[in-house]
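Residues per chain, in single letters:
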Amino acid sequence: MATDIHGPVTGLATEKGTDKGTEERTEQATGTGAANAAAPSTAASSSPSVAVQVDGLVRAFGDRVVIDGLQLTIRPGEFVALLGRSGCGKSTLLRVLAGLDREIGGEVLAPRRKAVAFQAPRLMPWKKVWRNVLLGLPGRPERETAVRALAEVGLGHRADAWPKTLSGGEAQRASLARALVREPDLLLLDEPFGALDALTRIKAQRLVAELWQERGCAVLLVTHDVEEALLLADRALVMEDGRIAYETAVDLPRPRDISDPRFAALRARLLARLGVTEDTEQAAELTTQEPEKPVLDTAPEEAPEVDNEHRNTGQPHIQNENQNANQSTHQSTHQNENRVAGRSTNRNANRNGTEAP
Ligand SMILES: Nc1ncnc2c1ncn2[C@@H]1O[C@H](COP(=O)(O)OP(=O)(O)OP(=O)(O)O)[C@@H](O)[C@H]1O
């Protein structure tokens, strides 16, 4: 499975057992920028309460500091949405977490098993769909492994198709199958629905919600869509000035209903925070009723249990408000076109005939 070590300094990856505990498949990377790339590696730490821990992350391109002392914690199984204005560094952060960018400062702790799905499905046109799904997997994975993953996203019947014969939604699902086949403890999604039409997008959101609930992995979803964030996530973050400037728990029952006044209130508040609200007065009123929590001014009520002697950077922790959000049980994910992300133990039983995108 995924074994890449990220960061300019290699950390020690641990794989203590064969069970799926995220805490036992965690890797750490530390760095203080390219200048310190030869610093000694640190031992990987593990904690049952943390899937991702980022302390003081810095990423600059030339003179331009895009990520500037960022702090982030994601719990195992937590679904987090990352919002922010274009160019604020969301994809850069995701690439760091994915281990695709090593020129960093600060410390990053992430599961060894992680997978990324981008907005563009990035399928190799000269390989059949099932071979695309297995791309990059170590060993000699069997076709059946790919077919199973494809079946999970409703594409089992297209295993032998060529990528160019897939629709946009099908290609995105194949990309998702490629991520899932890695059995990630952390699934990184970079605007995966951005290129899809509205209906396909809704179906794809449902599919991701169902897969998340079945798999139980932590998810970080980069999106520009506030509603999408609120439909899917336990917690929504806003990135600004190279940091997580704001976060809010999405403490709403699933499946979410956009007509729920609490949904509307959260939406207005997030839009206001992003500076794109159409109704500034309403947002201001809502903000007054329930004040925003600027992350960097918030005392850590529940500091994540990170057993890491290198973790004390003296920077404030991110408060996490979503202890139980992904533990709630729900009946169906298809009650309403505007509802997504219901928990089901039997996905097929709850699809109510609705096809995946
Ligand atoms: N390899 C690179 N070299 C130089 N600059 C880069 C590189 N990658 C990203 N940047 C710059 O870093 C900034 C953040 O980029 P990033 O793609 O992370 O933003 P984003 O928040 O994901 O934007 P969007 O929402 O538009 O996708 C941008 O100004 C971008 O131009």
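In the nomenclature of an unreviewed UniProt entry, the chain corresponds to ABC transporter domain-containing protein from the organism Streptomyces nigrescens.

(A) Looking closely at the sheet that holds strand β10 (residues 243-249). Strands sit in the order β6-β7-β8-β4-β9-β10 across an open sheet of 6 strands; the sheet is mixed. Since the sheet does not close on itself, it has two edges, and those belong to β6 (114-117) and β10, each with one partner. Going across the sheet, the axis of each strand differs from the next one's by a mean of 20°, ignoring polarity. Bridge analysis of β6 against strand β7 (residues 186-190) gives 4 bridges, and the strand direction is parallel. Following the sheet pairing, valine 116 is matched in β7 by leucine 188. Here helix α7 (residues 261-274) sits on the sheet in contact with β4 (79-84), β9 (235-240) and β10, set at roughly 170° to β10.

(B) Structural detail: the site of the ligand. Taken together, the neighbourhood of the ligand is formed by 13 residues, with Arg64, Ser86, Lys90, Thr92 and His224 sitting nearest. In the environment of the ligand, an oxygen atom lies 2.3 Å from a nitrogen or oxygen atom belonging to the side chain of arginine 64. Cysteine 88 is positioned such that a nitrogen or oxygen atom in its backbone is 3.1 Å from an oxygen atom of the ligand. Taken by itself the ligand offers 630 Å² of open surface, and the protein chains cover 58% of this. Residue contributions to the shell around the ligand peak at 3 residues, all from helix α1 (residues 90-98). A class-by-class count of the residues in the shell around the ligand yields 3 nonpolar, 6 polar and 4 charged.

(C) Quick peek at the confidence of the model for the chain. Considering every residue of the chain, the mean pLDDT works out to 73; 64% of them sit at 70 or more. Confidence drops under a pLDDT of 50 for residues 32-45, and excluding neighbours within four residues, the segment shows 32 contacts in the predicted structure. Predicted confidence for residues 283-357 stays below pLDDT 50, and this span has 182 contacts to residues more than four positions away or in other chains.

(D) A look at the pairing of strand β8 (residues 218-222). The buried fraction of β8 amounts to 5 of the 5 residues, a majority that puts the element mostly inside the structure. Every second residue of β8 is oriented toward a common face, with Ala218, Leu220 and Val222 on one face and Val219 and Leu221 on the other, all of them buried. One ladder, built from 5 bridges, connects β7 with β8; its direction is parallel. For leucine 186, the partnering residue across the bridge sits in β8 and is alanine 218.

(E) Geometry of the nonpolar core. Judged by nonpolar contacts, the single largest core of 56 residues is most densely connected at Phe79, Leu83, Leu150, Val153, Leu189 and Leu270. In this structure, phenylalanine 79 is in contact with Val208, Trp212, Val219, Leu221, Leu232, Ala233, Asp234 and Arg235, ignoring residues within four places of it in sequence. Ala51, Leu72, Val108 and Ile244 belong to the second largest nonpolar core, which has 29 residues in total.

(F) Local environment of the pairing of β7. Here β7 lies mainly inside the structure; 5 of its 5 residues are buried. The alternating pattern of β7 places Leu186, Leu188 and Asp190 on one face and Leu187 and Leu189 on the opposite face, and all of these are buried. Tracing the backbone out of β7, into helix α5 (residues 198-215) and back to the parallel element β8 gives a crossover that is right-handed.

(G) Looking closely at the environment of glutamine 213. Mapped onto the secondary structure, glutamine 213 falls in helix α5. Spatially, the C-alpha atoms of glutamine 213 and glycine 77 are 8.5 Å apart, while their sequence positions differ by 136 residues.

(H) Molecular detail of the pattern of salt bridges. For the structure on display, the rule yields 13 salt bridges. Salt-bridge contacts for arginine 235 lead to glutamate 247; the nearest nitrogen and oxygen are separated by 3.2 Å. One end of the pair, arginine 235, is in strand β9; the other, glutamate 247, is in strand β10, with 12 residues separating them in the sequence. Take arginine 235: its relative accessible area is 0%, and that puts it in the buried class. On the basis of relative accessible area, glutamate 247 is assigned to the buried category, the value being 3%. For glutamate 240, the salt bridge is made with arginine 273, and the minimal N-O distance between the two is 3.1 Å. Taken as a pair, glutamate 240 in strand β9 and arginine 273 in helix α7 lie far apart in primary sequence, 33 residues in all. Each of Glu78, Arg235 and Glu247 takes part in salt bridges that share partners, so that together they form one network.

The rules we used
- Residues numbered from 1 in each chain as written.
- Predicted model: local features only at pLDDT ≥ 70, side-chain atom pairs only at ≥ 80, totals over all residues.
- Heavy atoms only, no water.
- Pairing = 2+ DSSP bridges.
- Helix = DSSP H or I, 4+ residues; strand = E, 2+ residues; numbered from the N terminus.
- Axes fitted to C-alpha atoms, helices over the stretch in contact; angles between N-to-C directions.
- Contact = heavy atoms within 4.5 Å.
- Near = heavy atom within 4 Å.
- Polar contact = N/O pair within 3.5 Å; in protein donor to acceptor, adjacent residues only side chain to side chain.
- Areas by Shrake-Rupley, 256 points an atom, 1.4 Å probe, with all protein chains shown as cover.
- Nonpolar A, V, L, I, M, F, W, Y, C, P; charged D, E, K, R; others polar.
- pLDDT = per-residue confidence, 0-100.
- Buried < 20%, exposed > 50% of the residue type's maximum accessible area, 1.4 Å probe, protein only.
- Core = buried A, V, L, I, M, F, W, Y, C linked by side-chain atoms within 4.5 Å.
- Right-handed = clockwise from strand over helix to strand, strands pointing away.
- Salt bridge = Lys/Arg side-chain N within 4 Å of Asp/Glu carboxyl O.

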